[in-house]
Amino acid sequence: QVQLVESGGGLVQAGGSLRLSCTASGSTFSSYVLGWFRQAPGKQREFVGCMSQSGATTYYADSVKGRFAISRDNAKNTVFLQMNSLKPEDTAVYYCAAGYGSAIVVLTAASYNYWGQGTQVTVSS
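Residue numbers restart at each chain and count upward from 1, following the sequence in its written direction. Under the rules for a predicted model, residues below a pLDDT of 70 receive no local features and side-chain atom pairs below 80 are neither given nor counted, while totals for whole chains, interfaces and linings still include all residues. In computing side-chain properties, one takes all heavy atoms of the structure into account and sets aside hydrogens as well as water.

## What to know about the overall build of the chain
Here comes step 1: The secondary structure content of the chain amounts to 0 helices and 11 strands.
Here comes step 2: Numbered from the N terminus, helices here are DSSP runs of H or I no shorter than four residues, and strands are runs of E no shorter than two. When its helices and strands are written in sequence order, the chain yields β-β-β-β-β-β-β-β-β-β-β.
Here comes step 3: Computation of the radius of gyration draws on C-alpha atoms alone. For the globule rule, the value is 2.2 Å times the number of residues to the power 0.38. Relative to the compact-globule value of 14 Å for 125 residues, the chain shows a C-alpha radius of gyration of 13 Å, a close match.
Here comes step 4: Relative to its 125 residues, the chain shows a buried fraction of 44%.
Here comes step 5: At a minimum sequence separation of 6, the contacts of the chain that also span at least 24 residues come to 59%.
Here comes step 6: What sets the accessible areas is the Shrake-Rupley method with a 1.4 Å probe; for residues, cover comes only from the shown protein chains. A total accessible area of about 6,200 Å² is found for the chain, and carbon and sulfur atoms account for 49% of it.
Here comes step 7: None of His or the chain ends enter the tally, which takes Lys and Arg as positive and Asp and Glu as negative. For this purpose, a charge sits on NZ of Lys, CZ of Arg, CG of Asp or CD of Glu. Looking at charge distribution, the chain has the averaged site of its 9 positive side-chain charges lying 2 Å from that of its 6 negative ones. Relative accessibility decides the category of a residue: with a 1.4 Å probe and only protein chains considered, values under 20% of the type maximum give buried, values over 50% give exposed, and everything between is partly exposed. We call two residues in contact when some of their heavy atoms are within 4.5 Å.

See below:
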């Protein structure tokens with residue numbers, strides 16, 4: 001069992017930056033693909049990006065490519081989502097997720113095994 005706890009959300013003006021953190025319990029953190037998703041009010045949860053088990057591969061949604069970056073510190077069981085040039089449309093609850101298996105890129109929410117509780121990000125115009 002893995003427990004994920006996000007932090008770092010908040011209110012920021014458009015054009016600003018935030019860094020979200022997600023810390024996991026358990027000793028097999030490096031075995032998981034780590035993903036970030038978001039859900040805005042009235043909308044479905046959408047994929048933001050993911051990072052492979054080794055950290056060598058990342059994949060991002062087109063809507064955040066070039067603005068968001070994922071990194072991980074396996075020694076600290078933590079994954080980060082650096083969000084730059086934020087836009088009002090980035091406003092959502094952001095979730096980190098962990099998935100085990102052989103795939104190094106996982107895009108679908110259903111393929112992730114563990115989820116954090118979410119952290120609110122609000123971008124004002």
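## Quick look at the state of the cysteines
Here comes step 1: In this description, a disulfide is simply a cysteine sulfur pair whose atoms lie within 2.5 Å. Considering all chains together, one arrives at 1 disulfide under this definition.
Here comes step 2: Each sulfur in the disulfide pair Cys 22 and Cys 96 lies 1.9 Å from the other. Because the sign of the S-S torsion sets the handedness, a value of about 50 degrees for the bond joining Cys 22 and Cys 96 places this disulfide among the right-handed ones. Here the residue Cys 22 occupies a position in strand S3 (residues 18-24), and Cys 96 occupies one in strand S9 (residues 92-100), the gap between them amounting to 74 residues. Both residues of the pair, Cys 22 and Cys 96, count as buried.
Here comes step 3: There is no disulfide at Cys 50, and the cysteine sulfur nearest it, in Cys 96, is 13 Å away.

## Looking at the sheet that holds strand S1 (residues 4-7)
Each strand in a sheet pairs with its neighbour through backbone hydrogen bonds, running either in the same direction (parallel) or in the opposite one (antiparallel).
Here comes step 1: Here a strand pair is declared whenever DSSP counts at least two bridges between the two strands. Taken in spatial order, the 4 strands line up as S1-S3-S8-S7 in an open sheet, and their pairing is antiparallel. Two strands bound the open sheet, and with one partner strand each, they are S1 and strand S7 (68-73). Taken pair by pair, the neighbouring strands of this sheet meet at an average axis angle of 15 degrees, ignoring direction.
Here comes step 2: The sheet contact formed by S7 and strand S8 (residues 78-83) spans 6 bridges and is antiparallel. Along S8, the bridge assignment pairs Arg 72 with Val 79. Fitted lines through C-alpha atoms give the axes, limited to the stretch in contact for helices. The angle between two N-to-C directions lies from 0 to 180 degrees.

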